[in-house]
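Below, each chain spelled out in residue letters.
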Amino acid sequence: MTTTTSIIGAPVDRIEGVEKVRGAALYAAEHPVDRPVHAFPLQAEIARGRITRIDTTEAMAEPGVVGVLTHDNAPELAANQDAELAVLQSPEVAFRGQLIGAVLAESAEAARRAARVVHVDYEQQPHDVDLHPARPDLVKPELVNGGARTDTAEGDVDAALASAAVVLDETYTTPQEHNNPMEPHATIASWSGGDLTLYDSTQGVHWVRDAIAAVFGLDQQRIHVVSPHVGGGFGSKGLPHAHVVLAAMAAQHVEPRPVKLVLTRQQMFTVVGYRTGTLQRIRLGSDANGQLTAISHDAVSQTSRIKEFVEQTAVPSRTMYAAPNRRTTHRVAELDVPVPSWMRAPGECPGMFGLEVAVDEMAIACGLDPVEFRIRNEPDTDPDTGRAFSSRNLVACLREGAQRFGWAQRDPAPRSGRDGRWLVGTGVAASTYPVLSMPGSRATIQARPDGRYRVLIGAADIGTGTWTALTQIAADALEVDLSRVQLSIGDTDLPYASGAGGSTGIGCWGSAIVDAARRLRAQLPRGEPVPDEGVEVTGAIPDNPYAGQLAMHSFGAQFAEVRVHADTGEVRVPRMLGIFAAGRIVNAKTARSQLLGGMTMGLSMALHEHSAVDPRYGHVVNHDLAEYHIATNADVGEIEVDWIDEHDPYVNPMGTKGIGELGIVGTAAAIANAAHHATGVRVRDLPITLDKFLG
């Protein structure tokens, strides 16, 4: 881990940390508003059909109830193109849990109590929630998430597999998983004279403003979105969901009083997106020396019938390893289910589980060490585009990780490690995530006569350390102490900022701040006094001249030790190591926290997470944190996180790469590979539960 005396890279404590510890940092539902009305959503109890009657008589008679909003009395929205956001516009029901109304009351308790006595009659229709690869109605989407190509093909994969010395043909599955950020999704909505104010838990205030403006037919300047602190998002708070529209509609109903809507944990399982399950058939072929000659990755996932979202599961297989014959495909089943969406490292996270377990199997079949097999198949240029990499230090991560983890002392034979009744194994997997950029971010810097600088940008801090990292970037660019920089973020009154998604935030926002600082120095050379009225400049994220010329990615190597009890099948992960290559690190402390958190989430994915759908009723049955299992303190052993020095001046003016999602990628595969080494049982279906070893 690099140590430095410069501001960039220093392990600076969180600037907002004291506020959070003292409870002074305001989250969405905590902003003070006058006499709020509390909204409790009503949800459909069938998976498909239409509402024939809603009786609100008993609910309206409950103490404290001020109204019930349904499709019968809801305002008509200006735009219905986004079916997820077209709330209460018809009696049609597209999935179980769909928002069909809201009870409005003087307290949250009164609203929830009254919601129980709203009586709804339905005309049910047959529904379909079954994801399986043999469906005859799988759809080829035009594009997959992120705008990536649906299918790719180079060479002759079938011929290469037929002639390969070693062939692997296996199917890997990941289940449906749900984002569960610490802070539930929440919105306070208030109308005044045709203007709408939203206090929202979001990864992008301007994304919310733009989407809601379109839905309500408002000029964007008439919507003010505020979100200074967010208690986690993991993609689920990337774009606004139906509850934000419902809150705004409810506020119209009781104007001028504001409406506060806080989703319960159970409601979040149907309203705010989830990671679709995936079915991945992976075929690999190699020559007798373990050199890959063919890579084929066919991915199937699900989407909602009312709105398409296609996980880009096979996309990382296009870049990871060299092979002259390559093919990837994506197909999707359109089902009567809620709309899937982003969940930390969409595409790379489930896709790299399948690929990296398959690579482990292939290495063993070739009689090669899994680390050596990966190094042997390292590409010289990006296999997908043919471009040179701006930097690619996967081999360095693998070698450093192997040395640190004690990989050389490993007996490669399965079931060779034992500690009493515990079977002990170790595994490895690679990680990758693309360096992405989103256009439009701008930053304003105000220089003051007292030597201080105010930096304004509508960025988001979703718990990742944005408050601190952007202050460091600004101080470094201005060549001043941190104490002289005052940052303002999380408000649409500030200059436009893209959202926190795709690990792009710090790169985009920081680049805009650096550009503003350069403009300020051109206008006000260092040493020149600031005039009494101050100086204000605005910069923007510059065009990257290397975009489209170089392949830009982060990489990492994940190592895990797994113990499986020989009698009970209990699985434990006492030790993990992640070594990453992610460009210039802005803050050593928050970077470590992000990578450690990603690996912990990957551990949770490997051992626990599984949203179980009841096909009879079309809903997730384990829709709370009592039954949707996630990793807790007892599950997490020793996690070591580190990175190598990587200089990459091509990715952006700071040389930084995103890390928020890199840490989760590869973790589950490393654990699955270690479990195989411990037991000799190959688990290809997540999560890795004890029944997989006892059957």
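What comes next is a walk through the structure. Note that this is a predicted model, so its numbers are computed, not measured.

Direction vectors running N to C along helix α8 (residues 348-365) and helix α14 (residues 667-679) enclose 35°, while the axes themselves pass 8 Å from each other. For α8 against α14, the interelement crossing comes out right-handed. Counting all contacts with α8, which are made through Met 352, Phe 353, Glu 356, Val 357, Asp 360 and Ile 364, the residues of α14 involved are Ala 668, Ala 669, Ala 672, Asn 673 and His 676.

Another point: the pattern of salt bridges. For side chains of opposite charge, pairing can occur when their charged atoms come near one another. Taken as a whole and judged by the stated rule, the model has 45 salt bridges. The closest approach of N and O atoms between Lys 20 and Glu 16, which form a salt bridge, is 3.2 Å. The partly exposed category is assigned to Lys 20, whose relative accessible area is 26%. By relative accessible area, Glu 16 is classed as buried at 1%.

The end-to-end C-alpha distance of helix α13 (residues 588-607), which contains 20 residues, comes to 29 Å, matching closely the 28 Å that a straight helix rising 1.5 Å per residue would cover. Burial analysis of α13 places 15 of its 20 residues in the buried class, which makes it a mostly covered element. Measuring from the side-chain oxygen of the N-cap residue of α13 to the backbone nitrogen of Lys 589 gives 2.8 Å; that N-cap residue is Asn 587.

Another aspect to go through is the packing of α13 against α14. Running from N to C, α13 and α14 point in directions that differ by 50°, and their axes come no closer than 8 Å. The orientation of α13 relative to α14 falls into the category oblique. As for the relative orientation of α13 and α14, their crossing is right-handed in sense. Contacts between α13 and α14 involve Met 599, Gly 602, Leu 603, Met 605, Ala 606 and Leu 607 from the former and Thr 667, Ala 668 and Ile 671 from the latter. Split by residue class, the contact of α13 with α14 holds seven nonpolar, two polar and no charged.

A cis amide bond links Glu 255 with the next residue in sequence, Pro 256, at an omega value of 15°. When you line up the elements, Pro 256 lands in the loop between α6 (242-253) and β14 (259-262). Unusually for a residue other than glycine, Glu 479 sits at a positive phi of about 60°. Examined against the element boundaries, Glu 479 turns out to sit in the loop between α11 (466-478) and β23 (485-488).

In a beta sheet, neighbouring strands are held together by backbone hydrogen bonds and run either parallel or antiparallel to one another. With respect to topology, seven strands assemble into an open sheet ordered β3-β5-β1-β14-β11-β12-β13, the strand pairing being mixed. At either end of the open sheet lies a strand with only one pairing partner, and these are β3 (65-70) and β13 (223-226). Here the average twist between neighbouring strands, direction ignored, is 20°. Summarising the sheet, strand β11 (residues 186-192) and β14 pair through four bridges and their orientation is antiparallel. Across the sheet, residue Ala 189 finds its bridge partner in β14, namely Val 259.

Position of Gln 252 among the secondary structure elements: in helix α6. Looking at Gln 252, the relative accessible area reads 30%, which means it is partly exposed. Spatially, the C-alpha atom of Gln 252 lies 6.6 Å from that of Trp 191, the residues being 61 residues apart in sequence. Not counting chain neighbours up to four residues away, the residues in contact with Gln 252 comprise Pro 75, Trp 191 and Phe 216.

Attention now goes to the packing of aromatic side chains. All told, the structure shown has seven aromatic pairs when counted by the stated rule. Note on Phe 269 and Tyr 628: the rings are 5.5 Å apart at their centroids and 70° apart in plane angle, and the pair reads as edge-to-face. Of this pair, Phe 269 sits in helix α7 (residues 265-271) while Tyr 628 is found in the loop between β29 (619-620) and β30 (638-643), placing the two residues 359 residues apart along the sequence. Across the pair, exposure class does not vary: Phe 269 and Tyr 628 are buried alike. A ring pair is formed by Phe 389 and Phe 555, whose centres lie 6.1 Å apart and whose planes are at 75°; its orientation type is edge-to-face. Taken together, the residues span a long stretch of sequence, with Phe 389 in strand β18 (residues 388-389) and Phe 555 in strand β26 (residues 553-565) at a distance of 166 residues.

Now for the pairing of strand β27 (residues 571-581). Among the 11 residues that make up β27, eight are buried, leaving the element largely enclosed by the rest of the structure. Between β26 and β27, which pair antiparallel and follow one another directly, the connecting turn spans five residues, one of which, Gly 569, has a positive phi of 80°. In this sheet, β30 lies alongside β27 in parallel orientation, the contact comprising six bridges. Its bridge partner lying in β30, Leu 577 is registered against Glu 640.

Rules of the game
Residues numbered from 1 in each chain as written. Predicted model: local features only at pLDDT ≥ 70, side-chain atom pairs only at ≥ 80, totals over all residues. Heavy atoms only, no water. Axes fitted to C-alpha atoms, helices over the stretch in contact; angles between N-to-C directions. Helix = DSSP H or I, 4+ residues; strand = E, 2+ residues; numbered from the N terminus. Left-handed = near helix turned anticlockwise from the far one by under 90°. Contact = heavy atoms within 4.5 Å. Salt bridge = Lys/Arg side-chain N within 4 Å of Asp/Glu carboxyl O. Buried < 20%, exposed > 50% of the residue type's maximum accessible area, 1.4 Å probe, protein only. Expected span 1.5 Å × (residues − 1). Polar contact = N/O pair within 3.5 Å; in protein donor to acceptor, adjacent residues only side chain to side chain. Parallel < 35°, antiparallel > 145°, perpendicular 65-115°, else oblique. Nonpolar A, V, L, I, M, F, W, Y, C, P; charged D, E, K, R; others polar. Pairing = 2+ DSSP bridges. Phe/Tyr/Trp six-rings, centres within 6.5 Å; stacked < 30°, edge-to-face > 60°.

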